[in-house]
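Descriptive analysis of the structure
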Amino acid sequence: MQGLLRGLVYGGLIITVLMTATAWGMWLERKLAARMQSRIGPNVVGKFGLLQPVADLMKLLQKEEIYPIGADRLLFDLAPFLVTTFAIATAAVVPFSADAVGADLDVGILWVLALGGLMVIPVWMAGWASNNKFALIGGMRAVAQSISYGVPLVLTSLVAVVFTGTMSLSGMVKFQIAHGWLALWPPGPGVIAFLLFYMALLAESNRIPFDIPEAESELVAGITTEYTGMKFGLLYVGEYVHTMVGSAIAAVIFLGGWDGPFHIASGLHWMVIKTVALFASVYWVRWSLLRFRSDQLMRLCWVYLVPLSVGLVIFAALWRHFVLS
Amino acid sequence: MNARHPGPTTDRYRLEQMDADADLMVLNFGPQHPSTHGVFRIKLILDGEVVVRAIPYAGYLHRGVEKLLEKLTFAQGVPIVDKNDYVSPMTNEQALVMAFEKLLKIEVPRRARWMRTIFAELQRVASHMLWLGTFALDMGGALGGGSGVFIYTFRERDYILDLFEMVTGGRFHYNTHTIGGNRHDIPAGWDREVFKVLDLIESRLPEYEAMSSNNAIFVARTKGVGVIDKDLALGLGLTGPILRASGVPFDLRRDAPYHAYDELKVNVATATAGDCQARAQVRVAELRESIRLVRDGLAGLPAGGINGGKPIKMPQQFKAMAGQAYVGIDTPRGELGTFVVAGGGDKGTAPYRCKIRAPSLHALSALPWILPGHTVSDVVVILGSLDPIMGEVDR
């Protein structure tokens with residue numbers, strides 16, 4: 001009974017905090033993008049446009065729900081819901097500080113990867129159920145991309161697991177507090193693993209240059225083409241939450257989580273700073289680069305990223321065996 | 001596209017059959033699509049994501065401009081062609097006015113010819129700037145890196161429109177070319193503004209190149225994509241940057257000089273690969289060349305009148321003898337030709353028939369040849385590299 005209560009409280013807290021953070025994250029992205037393009041960005045609703053996400057939400061809530069002819073209604077309705085659910089559920093195991101963690105699973109990293117892999121199902125559902133060819137192609141691309149980039153994602157996570165000898169996310173952070181951040185130590189492989197993880201993360205959360213599933217210049221809007229109103233909003237929010245949680249996980253695995261540099265003032269705030277910095281850098285990349293073609297993406301993944309990450313796993317195993325023990 | 005002209009476009013299959021075939025899918029690309037540069041439709045027959053056959057359909061923006069030109073007198077016709085190639089209105093006016101001048105045998109003063117050169121080259125800078133932005137947009141998306149380039153280049157284009165506004169009062173519908181000369185003379189101090197804008201654009205060009213044509217992803221997306229070889233380009237009557245990118249150094253400005261191009265020497269930019277990257281390289285080289293031409297043109301701008309003969313009070317004054325004339329000029333998109341036939345006699349105040357040869361239409365005719373074998377992503381890039389303007393295609 002107490003466990004259930006704790007779950008409810010933490011669950012509610014995570015959802016509230018995460019959704020709020022994501023809303024301001026969108027605002028931050030828009031401001032950043034505007035800055036990069038010599039524009040002003042949202043500045044009308046509220047001070048500095050800070051209430052823009054609220055206005056957007058209100059607009060989306062009022063929109064008419066449209067079902068395309070021949071759409072599979074059940075899947076069509078279910079897909080946005082599942083996208084957001086999976087994205088938020090990932091956050092349950094993220095240790096934001098030594099105490100602030102929803103569920104400190106012993107296999108936290110496995111939970112993260114499993115949910116990330118599951119994400120492809122609602123995306124494909126959305127692509128299929130829309131009864132739209134652009135959405136279908138977008139869904140197809142999403143499946144191919146997620147499966148491909150899941151491999152380097154898992155392998156680079158495995159590097160961290162081998163180094164730290166634990167699959168618990170907070171365990172990883174504790175290891176890093178004791179031995180140094182994985183992105184910095186051991187010098188070289190750690191940072192490569194971090195960059196690979198980060199690239200795979202970009203691909204998993206469909207961000208440029210890996211956003212071919214919804215490449216709007218080719219596929220109109222990809223899987224979201226036929227979605228209207230809050231269902232579109234959920235798909236949209238799901239992606240942002242995915243990116244936000246992914247940034248948090250990258251910060252936990254490779255950047256020492258809540259540990260400050262040289263253990264200075266460790267705590268929740270460092271986790272927030274790292275997450276926001278990674279989140280912002282995702283959008284920095286997004287608003288500067290052009291996008292790859294789908295076959296080039298697959299090539300990049302299978303020809304370069306996968307062998308490289310296999311090599312990193314082997315290195316990690318050797319390091320663990322000879323240096324750490 | 002019909003039985004009389006079989007080619008790769010032959011529509012042998014009915015849509016329903018294609019879907020029933022199950023292996024192939026028909027994808028209607030446009031007319032409402034973010035990357036078709038207006039209202040253009042391509043019926044793509046796909047095997048997975050690879051295009052098997054492409055059937056272009058134009059005509060969604062048909063406004064009957066050629067018919068209108070028959071109904072209006074010679075002078076009245078000039079302003080309505082502004083909207084044909086809506087990215088390069090100056091050259092539209094020039095092509096029409098020059099054909100009328102040839103038909104009516106009217107001499108244009110030297111200063112007016114030089115001014116037309118300057119306008120045409122400024123317009124080329126504006127047009128290629130817009131092309132660079134939209135091309136990046138095709139590859140980077142409106143919610144990505146492409147939009148950055150687009151907003152920057154759109155801003156540069158706006159500076160040039162400001163310059164045109166100073167001269168003509170209009171940013172789009174200039175109506176500055178009259179039969180026999182120009183309507184508006186250059187205001188005092190205009191050349192200083194032009195030099196300022198050109199310096200600005202030239203200093204920013206390397207930045208845009210770094211964001212687009214020198215960018216690794218840009219190269220990966222354009223190299224070897226949409227190759228138009230020399231024979232195909234010549235066979236389809238392609239002109240302008242597309243032809244020059246296929247290794248044919250043909251430029252009307254050099255090979256059949258008009259305006260002041262006999263005095264201002266044009267260096268023709270060419271490339272040999274014939275792919276999207278080559279077309280991009282040619283256009284960027286043309287940007288620099290045009291900037292140089294405007295500078296030289298302004299430096300050597302002769303004094304004198306800008307309108308031949310007496311000021312014209314009534315448009316009906318122009319009366320053509322029965323005859324015909326063709327004038328082709330090199331616009332940012334290629335050879336824009338105007339073929340005008342006059343009936344003479346009572347009907348001599350208006351063209352009997354006015355045919356506009358639009359370079360974009362010819363460019364689009366290459367699509368059925370070059371699209372098969374490429375993926376849907378490449379369709380957008382190839383279409384963007386051809387730089388079609390639908391207003392000109394459909395007229």
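Below, the structure is looked at part by part. Keep in mind it's a predicted model, so treat the numbers as computed, not measured.

**Comments concerning the overall build of chain B**
- Within chain B one finds 16 helices and 8 strands.
- Expected size for 395 residues packed as a compact globule is a radius of gyration near 21 Å; at 21 Å, chain B falls within 12% of this value.
- Summarising its shape, the C-alpha atoms of chain B cover approximately 70 × 50 × 35 Å along the three principal directions.
- Burial analysis of chain B (395 residues in total) assigns 60% to the buried set.
- Computed over 45 positive and 44 negative side-chain charges, the separation of the two mean positions in chain B equals 6 Å.

**Some words on the sheet that holds strand β3 (residues 50-57) of chain B**
All names here are of chain B.
- Read across the sheet, 3 strands follow the order β1-β2-β3 without closing on themselves; strand pairing throughout is antiparallel. Since the sheet does not close on itself, it has two edges, and those belong to β1 (25-29) and β3, each with one partner. On average, adjacent strands in this sheet sit at an angle of 20 degrees to one another, irrespective of strand direction.
- Here 7 bridges tie strand β2 (residues 41-47) to β3, and the two strands are oriented antiparallel to one another. In the strand pairing of β3, Lys43 is matched with Ile55.

**A look at the nonpolar core**
Residues and elements named next belong to chain B.
- Counting 190 residues, the largest nonpolar core has Ile42, Leu44, Leu122 and Trp190 as the members making the most contacts within it.
- With 14 residues, the single largest contributor to this core is helix α5 (residues 110-140).
- For Ile42, the contacting residues outside a window of four places in its chain are Leu27, Asn28, Phe29, Ala54, Ile55, Pro56, Leu367, Leu371, Val379 and Leu383.

**Brief notes about the packing of helix α2 (residues 52-62) of chain A against helix α10 (residues 229-254) of chain A**
Residue and element names in this part refer to chain A.
- Where α2 meets α10, the closest approach of the two axes is 6 Å, and the angle between their N-to-C directions is 135 degrees. Between α2 and α10, the angle falls in the class oblique. Contacts between α2 and α10 involve Leu57, Leu60 and Leu61 from the former and Gly229, Met230, Phe232 and Gly233 from the latter.
- Each residue belonging to the contact of α2 with α10 can be placed in one class, and the counts come to 5 nonpolar, 2 polar and no charged.

**Comments concerning the pairing of strand β6 (residues 323-331) of chain B**
Residue and element names in this part refer to chain B.
- For β6 and strand β7 (residues 334-342), the ladder comprises 9 bridges, and the chain directions are antiparallel. Residue pairing in the sheet places Asp330 in a bridge with Glu335 of β7.
- In this structure, the hairpin formed by β6 and β7 is closed by a connection of 2 residues.

**Considering a nonpolar patch on the surface**
Residue and element names in this part refer to chain A.
- A cluster of nonpolar residues, Trp24, Phe48, Leu50, Leu51, Val54, Leu57, Met58 and Leu61, forms a patch on the protein surface that exposes about 730 Å² of accessible area.
- Per-element tally for the nonpolar patch: the top contributor is α2, with 4 residues.
- With respect to the element layout, Leu51 can be found in the loop between α1 (2-36) and α2.

**Brief notes about the packing of α1(A) against α2(A)**
All names here are of chain A.
- Viewed as axis vectors pointing N to C, α1 and α2 meet at an angle of 110 degrees, and their least axial separation amounts to 8 Å. By the angle class used here, α1 and α2 are roughly perpendicular. Both α1 and α2 take part in a crossing whose hand is right-handed. Listed contacts from α2 to Ala23, Trp24, Trp27 and Arg30 of α1 are Gln52, Pro53 and Asp56.
- Here the residues of the contact of α1 with α2 sort into 4 nonpolar, 1 polar and 2 charged.

**With respect to the pattern of salt bridges**
- All chains considered together, the criterion is met by 35 salt bridges over all chains.
- In this structure, A:Asp77 and A:Lys231 form a salt bridge, with 2.8 Å as the shortest nitrogen-oxygen distance. Residue A:Asp77 is located in helix α3 (residues 73-90), and its partner A:Lys231 is located in helix α10; the two are separated by 154 residues in the primary sequence.
- Among the residues examined, A:Lys231 registers a relative accessible area of 8% and is labelled buried.
- Linking B:Arg244 and B:Glu286 is a salt bridge whose minimum nitrogen-to-oxygen distance equals 2.6 Å. With a gap of 42 residues between them, B:Arg244 in helix α10 (residues 241-245) and B:Glu286 in helix α12 (residues 276-299) connect regions that are remote in the sequence.
- One salt-bridge network, held together by shared partners, links B:Glu121, B:Arg124, B:Arg244, B:Asp251, B:Arg253, B:Glu286 and B:Asp330.

**Focus on the interface of chain B and chain A**
- At the interface, 39 residues of chain B touch 26 residues of chain A.
- Counting each side, the surface lost to burial between chain B and chain A is near 2,700 Å², with a carbon and sulfur contribution of 58%.
- In this structure, the connection of chain B to chain A is made through 1 salt bridge.
- The residue A:Arg293 makes a salt bridge to B:Asp378 at a minimum N-O spacing of 3.1 Å.

**Comments concerning unusual backbone geometry**
Residue and element names in this part refer to chain B.
- In this structure, His259 is a non-glycine residue whose phi angle is positive, near 45 degrees.
- With respect to the secondary-structure elements, His259 resides in the loop between α11 (252-255) and α12.
- Even without glycine at this site, Asp387 takes up a positive phi of about 55 degrees.
- The buried category is assigned to Asp387, whose relative accessible area is 3%.

**Considering the side chain of A:Thr90**
- Along the polypeptide, A:Thr90 turns up in helix α3.
- Apart from the residues lying within four places of it in its own chain, the contact partners of A:Thr90 are A:Trp111, A:Val112, A:Leu115, A:Val245 and A:Ile249.

About the cut-offs
- Residues numbered from 1 in each chain as written.
- Chains lettered and ligands numbered in written order.
- Predicted model: local features only at pLDDT ≥ 70, side-chain atom pairs only at ≥ 80, totals over all residues.
- Heavy atoms only, no water.
- Helix = DSSP H or I, 4+ residues; strand = E, 2+ residues; numbered from the N terminus.
- Rg over C-alpha atoms; globule rule 2.2 N^0.38 Å.
- Buried < 20%, exposed > 50% of the residue type's maximum accessible area, 1.4 Å probe, protein only.
- Lys, Arg positive; Asp, Glu negative; His and termini not counted.
- Charge placed at Lys NZ, Arg CZ, Asp CG, Glu CD.
- Pairing = 2+ DSSP bridges.
- Axes fitted to C-alpha atoms, helices over the stretch in contact; angles between N-to-C directions.
- Core = buried A, V, L, I, M, F, W, Y, C linked by side-chain atoms within 4.5 Å.
- Contact = heavy atoms within 4.5 Å.
- Parallel < 35°, antiparallel > 145°, perpendicular 65-115°, else oblique.
- Nonpolar A, V, L, I, M, F, W, Y, C, P; charged D, E, K, R; others polar.
- Patch = residues over 30% accessible without salt bridge, like charges linked within 9 Å, V, L, I, M, F, W, Y side chains within 5 Å.
- Areas by Shrake-Rupley, 256 points an atom, 1.4 Å probe, with all protein chains shown as cover.
- Salt bridge = Lys/Arg side-chain N within 4 Å of Asp/Glu carboxyl O.
- Left-handed = near helix turned anticlockwise from the far one by under 90°.
- Buried area = accessible area lost by both parts, 1.4 Å probe.

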